[in-house]
Structure formats: C-alpha cells, structure tokens
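Here is how the chains run, residue by residue.
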Amino acid sequence: MSAALPLAASPPAPRDPDFLMRPARLAAFQPSRISCSRALMAQAIAERWRIATRRFEIGADSAGTAVYEIETPGGTFSFLAFSNTPQRAGRTGRIIARTWDMTGALIEGVADEQVIETTRRELPKLYAGRATPGTLIWCRSNRSMRVFDATVEALASGRQPEAALVAQSCYLMRNTGLDGNGTFGTRSFLALERGHALRHPLAAQMLAAYMMREFAADLANHLAALRSPDAVALSPEIRRFLGIGNGSALGLILFINNHPRLIDAWIGAREEAIAAARALPVVPGDTRLVHLEALVRRAAVFRREDRMVYDAFAPSALIAEELDAVAGLVASLRERGSDAAYPLDELGRQVAARFHPETEETLLSLLIELVPELADHLARSMIVSEEMEVTPSMTIGALRAILHREYAWALAWDMTAPGAYEQVWYKSATAEEPRRGPIAEAPPGTFNLGLDVPGLVQALNAALEGRDPTEPVARLLLARPDLRQITARVQSLAGLRYHQPRVNIMAGDFVPAHLVRLMNVALHGVDKTRDYLARNLRGVLFHGAPTATDLAAGASPDWFYPPEPQP
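In what follows, the accompanying structure is described.

Parameters and conventions
Residues numbered from 1 in each chain as written. Predicted model: local features only at pLDDT ≥ 70, side-chain atom pairs only at ≥ 80, totals over all residues. Heavy atoms only, no water. Helix = DSSP H or I, 4+ residues; strand = E, 2+ residues; numbered from the N terminus. Buried < 20%, exposed > 50% of the residue type's maximum accessible area, 1.4 Å probe, protein only. Contact = heavy atoms within 4.5 Å. Axes fitted to C-alpha atoms, helices over the stretch in contact; angles between N-to-C directions. Parallel < 35°, antiparallel > 145°, perpendicular 65-115°, else oblique. Left-handed = near helix turned anticlockwise from the far one by under 90°. Nonpolar A, V, L, I, M, F, W, Y, C, P; charged D, E, K, R; others polar. Polar contact = N/O pair within 3.5 Å; in protein donor to acceptor, adjacent residues only side chain to side chain. Salt bridge = Lys/Arg side-chain N within 4 Å of Asp/Glu carboxyl O. Pairing = 2+ DSSP bridges. Expected span 1.5 Å × (residues − 1). Core = buried A, V, L, I, M, F, W, Y, C linked by side-chain atoms within 4.5 Å. Phe/Tyr/Trp six-rings, centres within 6.5 Å; stacked < 30°, edge-to-face > 60°. Lys NZ or Arg CZ within 6 Å of the ring centre and 35° of its normal. Lys, Arg positive; Asp, Glu negative; His and termini not counted.

**A short note on the overall build of the chain**
The helix and strand tally for the chain stands at 22 helices and 11 strands. When the backbone C-alpha atoms are referred to their principal axes, the chain occupies close to 85 × 65 × 45 Å. The buried share among the 567 residues of the chain stands at 57%. Considering only contacts within the chain whose residues lie at least 6 apart along the sequence, 76% involve residues at least 24 apart.

**A word on the environment of Met308**
Relative to the assigned elements, Met308 resides in the loop between helix 11 (287–305) and helix 12 (316–336). A relative accessible area of 16% means that Met308 is categorised as buried. Once you skip the residues sitting within four places of it in the chain, Met308 turns out to touch Gln168, Ser169, Lys528 and Arg530.

**Description of the packing of helix 13 (residues 343–354) against helix 14 (residues 357–367)**
Two numbers describe how helix 13 lies on helix 14: the axes approach to 9 Å, and their chain directions differ by 160°. Taken together, helix 13 and helix 14 sit at an angle that is classed as roughly antiparallel. Considering the relative orientation of helix 13 and helix 14, their crossing is right-handed. Each of Leu344, Leu347, Gly348, Val351 and Ala352 in helix 13 lies in contact with helix 14, whose residues at this interface are Thr359, Glu360, Leu363 and Leu367. Looking at the contact of helix 13 with helix 14, its residues break down into 6 nonpolar, 2 polar and 1 charged.

**As for the side chain of Gln491**
Following the sequence through the fold, Gln491 ends up in helix 20 (residues 484–492). What makes Gln491 buried here is its relative accessible area of 9%. Reaching out from Gln491, the side chain makes a polar contact with the backbone nitrogen of Thr391 at a distance of 2.6 Å.

**Here's the deal with the pattern of salt bridges**
By the definition in use, this model includes 39 salt bridges. The closest approach of N and O atoms between Glu271 and Arg15, which form a salt bridge, is 2.8 Å. Remark: Arg15 occurs in the segment before helix 1 (17–20) and Glu271 occurs in helix 10 (residues 260–278); sequence separation between them is 256 residues. The exposure class of Glu271 is buried, given its relative accessible area of 2%. What makes Arg15 buried here is its relative accessible area of 13%. What you see here is one network of salt bridges that share partners, running through Arg15, Arg25, Arg270, Glu271, Glu360 and Glu361.

**Considering the sheet that holds strand 2 (residues 64–72)**
The sheet built from 9 strands is open, its strands ordered 1-2-3-4-5-6-7-11-10 with mixed pairing. Sheet topology places strand 1 (50–58) and strand 10 (527–532) at the edges, where each strand pairs with a single neighbour. Averaged over all pairs of adjacent strands, the angle between strand axes in this sheet comes to 25°, irrespective of strand direction. Across 4 bridges, the pairing between strand 10 and strand 11 (residues 536–541) is antiparallel. The residue of strand 11 that forms the bridge with Asp527 is Val540. Together, strand 5 (135–143) and strand 6 (171–180) form the strand contacts of helix 5 (residues 145–156), whose direction differs from that of strand 6 by roughly 125°.

**A short note on helix 3 (residues 36–47)**
With 12 residues, helix 3 extends 16 Å between its outermost C-alpha atoms, agreeing within 8% with the 16 Å of an ideal straight helix rising 1.5 Å per residue. With 10 of 12 residues buried, helix 3 lies mostly within the body of the structure. Inspection of helix 3 places Cys36, Ser37, Arg38, Ala39, Leu40, Met41, Ala42, Gln43, Ala44 and Ile45 among the buried residues, and these make up the whole buried set. One or two residues past the end of helix 3 sits Arg48, with phi positive at roughly 50°.

**Section: the packing of helix 16 (residues 396–406) against helix 20**
Interaxial distance between helix 16 and helix 20 falls to 10 Å at its minimum, and their mutual angle equals 75°. Judged by the angle between their axes, helix 16 and helix 20 are roughly perpendicular. In this structure, helix 16 contributes Leu399, Ile402 and Leu403 to the contact, and helix 20 contributes Thr487, Val490 and Gln491.

**Quick look at the pairing of strand 11**
Note that strand 7 (residues 243–248) and strand 11 share 5 bridges and pair antiparallel. By the bridge assignment for strand 11, Asn246 is matched with Gly539. The antiparallel pairing of strand 10 with strand 11 creates a hairpin that spans 3 residues between the two strands, and Leu533 there sits at a positive phi of about 55°.

**Some remarks on the nonpolar core**
Counting residues in each nonpolar core, the largest one holds 137 residues, and the members touching the most others are Phe79, Leu106, Leu198, Leu292, Leu344 and Phe542. Top contributing element to this core by residue count: helix 7 (residues 203–227), with 16 residues. Not counting residues up to four positions away in its chain, the partners in contact with Leu198 are Leu40, Trp49, Phe77, Leu106, Leu136, Phe189, Leu192, Ala203, Ala204 and Leu207. Within the second largest apolar cluster, 22 residues are counted, among which are Ile396, Tyr407, Leu451 and Ala488.

**Overview of the packing of aromatic side chains**
Summed over all chains, the structure comprises 10 aromatic pairs. Ring centres of Trp409 and Trp413 lie 6.1 Å apart, and the angle between their planes is 85°; on these two criteria the pair is classed as edge-to-face. Among the aromatic residues, those joined into a ring-pair cluster are Phe302, Trp559, Phe560 and Tyr561. The ring of Trp559 carries Arg38 above its face, with NZ or CZ at 5.9 Å from the centroid. The side chain of Arg298 reaches across the aromatic face of Phe560, ending 5.2 Å from its centre.

**Some thoughts on unusual backbone geometry**
Its identity as a non-glycine residue notwithstanding, Leu126 has a phi of 50°, on the positive side. Tracing the chain through its elements places Leu126 in the loop between helix 4 (113–122) and strand 5. Phi is positive for Phe184, which is not a glycine, with a value near 60°. The exposure class of Phe184 is buried, given its relative accessible area of 7%.

**Brief notes about helix 14**
Helix 14 sits mainly inside the fold: 10 of its 11 residues count as buried. Listed in full, the buried residues belonging to helix 14 are Glu358, Thr359, Glu360, Glu361, Thr362, Leu363, Leu364, Ser365, Leu366 and Leu367. The secondary structure elements touched by the buried residues of helix 14 are helix 2 (23–28), helix 10, helix 11, helix 12, helix 13 and helix 21 (512–524).

**Description of the side chain of Asp264**
Tracing the sequence through the fold places Asp264 in helix 10. Arg497 provides the closest opposite charge to the buried, unpaired Asp264, separated from it by 7.3 Å.

**A closer look at the environment of Ala552**
Secondary-structure assignment places Ala552 in helix 22 (residues 548–553). In this structure the C-alpha to C-alpha distance between Ala552 and Glu47, which are 505 residues apart in sequence, comes to 9.2 Å. Once residues lying within four places of it in the same chain are set aside, the contact partners of Ala552 are Arg48, Trp49 and Arg50.

See below:
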C-alpha cells in the first residue's frame, strides 16, 4: 500500500460535484448496474420475464410481421416488428429517413389485430402518425448490411459466422430511433401507475431496444432457414455477444439541458451506491473480493479484445493493462487484507492516484455489483418531474445566496474571453436534428437551442446587484421577464448536487463527445462507444445480455463484458 496516501477515517461519501461534474470526468464514467439497460436486465433476470413469439410471418424478401409477448409480474407487453425489404434509397439513421429495415412498437397488454394493423399504418408516418392507446414506444432500426448478410449466408451454409467479423460491429441491427414519453401519442412516463413493470427512467425505451436485438437474431435465423434445409441457428454464445447497435450525437446534450433532475438523480444514485460499496467491511478471503477480482479481470479481457479505435478517449489497450494491475491490487487485498478503516475505499484512492480516470471509473462501476440490492432499488426509484416554476415570493437575497453557493463555477467563467461565444446550437433544416456550428456563419436571427448556463447565471447575478435583498423576486421579473427561465431553473434545482455539468457549451473548445458519452455509456449502458468528429458516438447496447431463452431459464446477473466468441 502507498504510504503517501492517508487512510480514510470517516465513512466514504459521494464525491464533490465540483470534481465530478466536469465534462472529461463525466465522459470517463462506465456502464454499471444502475445504467438503464443493465437495470432493465437485472429486473428481467430477477423476475424471470418470459418472452414468447406469437407470430413470425416474414418472407424470403424480409417483408412481413413478427409479434412478441413479454410477460412480467408488472404486466404483459406486446412488441410488434414490421420487417421491410432492405433498400438503399432513403436509408439513413436520421429522423428524415424514408425507409427502415424494421419498424416496431412496444405496447401494453396483448395487441389485437386492430392494434397491429393501425400501428402498421401509422408508424411509418412518424410525426404525422398517431400511436394507439397503450403504446409506450415507437422504434426503428437498420441492418449492418455486411455483417447481417454474411451471418445469414454462413447460417444457411450450416456454419456459424466468423468470430472476427462478428466482433468488428458486435451487432446485426442498429437502433435508429426510440421514441416515447408522449411523442406520437405514446404514454407519458409520469402517467405510468405504481407497480408498472417499466416505471423507471428509460425502461420502456430499453425494452424496445432489447426486443429489436432479439428480433434481429430471430430474423437472421429465419432467413437462413428459408434459404437452406441445412441451415443452423446462431449459437447461444454468438447470439448473446451480438447486441443492438446504437448511434447518438448532439441531441443528447439538449437532453441533459432539459432533464437536470434526472441527471442529478442518476448520478446521485450511482455515487450513493459507490459510497456504500466502498464502506463494505471486507476481510481476507472475503467472497466479495473474489467476485470483484473476477469482474475486474473480465473487464480487462473485454477491453483487450475491443477492436474499436477512439479519437477523443483512451485506447482500450491502455485501460486493459491498467485493469490487470487493479486486479492485482484486489488480489492482494483478498490475500492479505488492509489496515485501513475502509479497505475498498483505500483501494479506490490508490487506483485514482495511479491510473487513468476510465480505469478508476471502471473499478467504481464494478464495486456497485457488491451492493446489488441497493443498486437495484436506486435504479428503480428515479421518478422525477422536470417541471420548473418560479417562486415569486423568494427574496432577492435568498436567490442571490443560491447563485453564489451553487453556481460559483458559472460566475467565475470568463464569458468575455475569445471563443466564449464561438458556437451556436440550431436545428438543421435538412436533417431536422440538432447541430452546432460557428456563430459567425449562422444566418441572422438564428434561434440558439443551447442553454448558456454561465451567461444566464451571470446576467441574473448582475440584475440582482444593488437591489434590496428583502425585495421579492416577482418585482425583478416584472422589470426583467427575460430572466424568468434562468430564475425558475435556479430556484427549482436548488439543493441538487449533480444536475449541471460545469461547462460552457457555446465555447469553441467544448468537446460535445464528452457529454454525449455520459448519456450513452453511463446512463444508457452502451459499450464500445467509438467517437467521430468529437460529437458522434456509435456503440452497442445489451452487448452480452441474456437471450429471451436465457431469461426464462434463469440467467446469470454477471452477463456484461462478454468475451469474443471463439472460432
């Protein structure tokens, strides 16, 4: 143990937001049991969800319909998959696409023929369409053409697809849209009743993504069987290894802006679980240390086998090497113990001092596996409303105190420096998606979609200067209605620790990929997030997750970080 590191005497606590909420640190977060996809799998495994194929009527041209039923203790759901013949024209992952290889819907209850046919008609219309009552999600996906076609060809020939080919993409289909929470007439998240199986954040979206992954494997098996009587099905190992592809970009940063309470709840839950794990009273030979060592070694193998190339993030080879060293530290703790009051906290401090932040955050995510009951409870307890209201009776002095206590970082930001307002956020007229570009090139009158937190906080603080501290906020807003939005935000979020990244997203040196990765990796649970142009990320959801057959039979909760299939 390092003599330079003081032993912690007080119980481990959640980390300081001034340290944690910096973009580079947020980007280092790794998937954990509290990530939405992994939380859903933990629930499905514990409750032994049963997924049955009610219909699979798809021809050799890939056109047709599949209907699945998902039985859970919290209700039955139907997943409708409308498969299309792949076309090159109009094929894109954007909302403006005109064709997809598959469209689908997650619906409460057992879908009857009227629901199926109405959904088939309405779903392709997107914004012009209307979901049937009880619809939770509309979704879309496209094939990874090369990998999908090669997989079908291999299966039809009586053999498994090449392991190296499968490992290059790790999916057969890629999610191109998961829409819910009121969009297209879907049910609102906050309207879901107590006891509903999907009444935790993004659970419905994650279940729809999981079902797209299951459908992709079923479709490959089906098409291969139609081609040849000698066809084989995907092996269980390869089927588990194949997740659902996922691509994301700048829209996730606007999600962070618009869902600060959810961001706070999620990061707060993660930090609470980490602190609880770091406080565990482990001793030599403790089975929890045996488990932790095995998880760290598996994570090292996973990173070593990672074939993705990262531009803005650490290479997996580095993280794999460091995780091997971390596994050695865990082994030493397992064998010899520690004089520290909290041995796992001391382990975390050593790793933080010696290794890359991604290595540290990998260890912390794996520590959460040592407190599974707490983690699962926290993951299912994030029921928040994002409504923000002004408290007009609050005094000017109280509002100013919140600003100086909770937004000192924003007040200290130099918004007059060159490049502070170099970028503007806007909606593309051609792609109907969020974009970011030089403000000097924007047409006059361009509406800025970005949330300028440092600038707005400084403007509010300047407006408070010189006013009577006993005066109500209402009087300020009568004179300055333009400050209503930031006032409501500051008042409504007062006391929350993790709602706001410490960043100026208007600055020229802001790296969007940092916050996109926070959403993709930490919240969603996406693995292997390859970055492009410092803003776009592609990765894999449910990489290694149990199949529908596994869930019914009783799957292992340690399904993540899958090894590459062996040839």
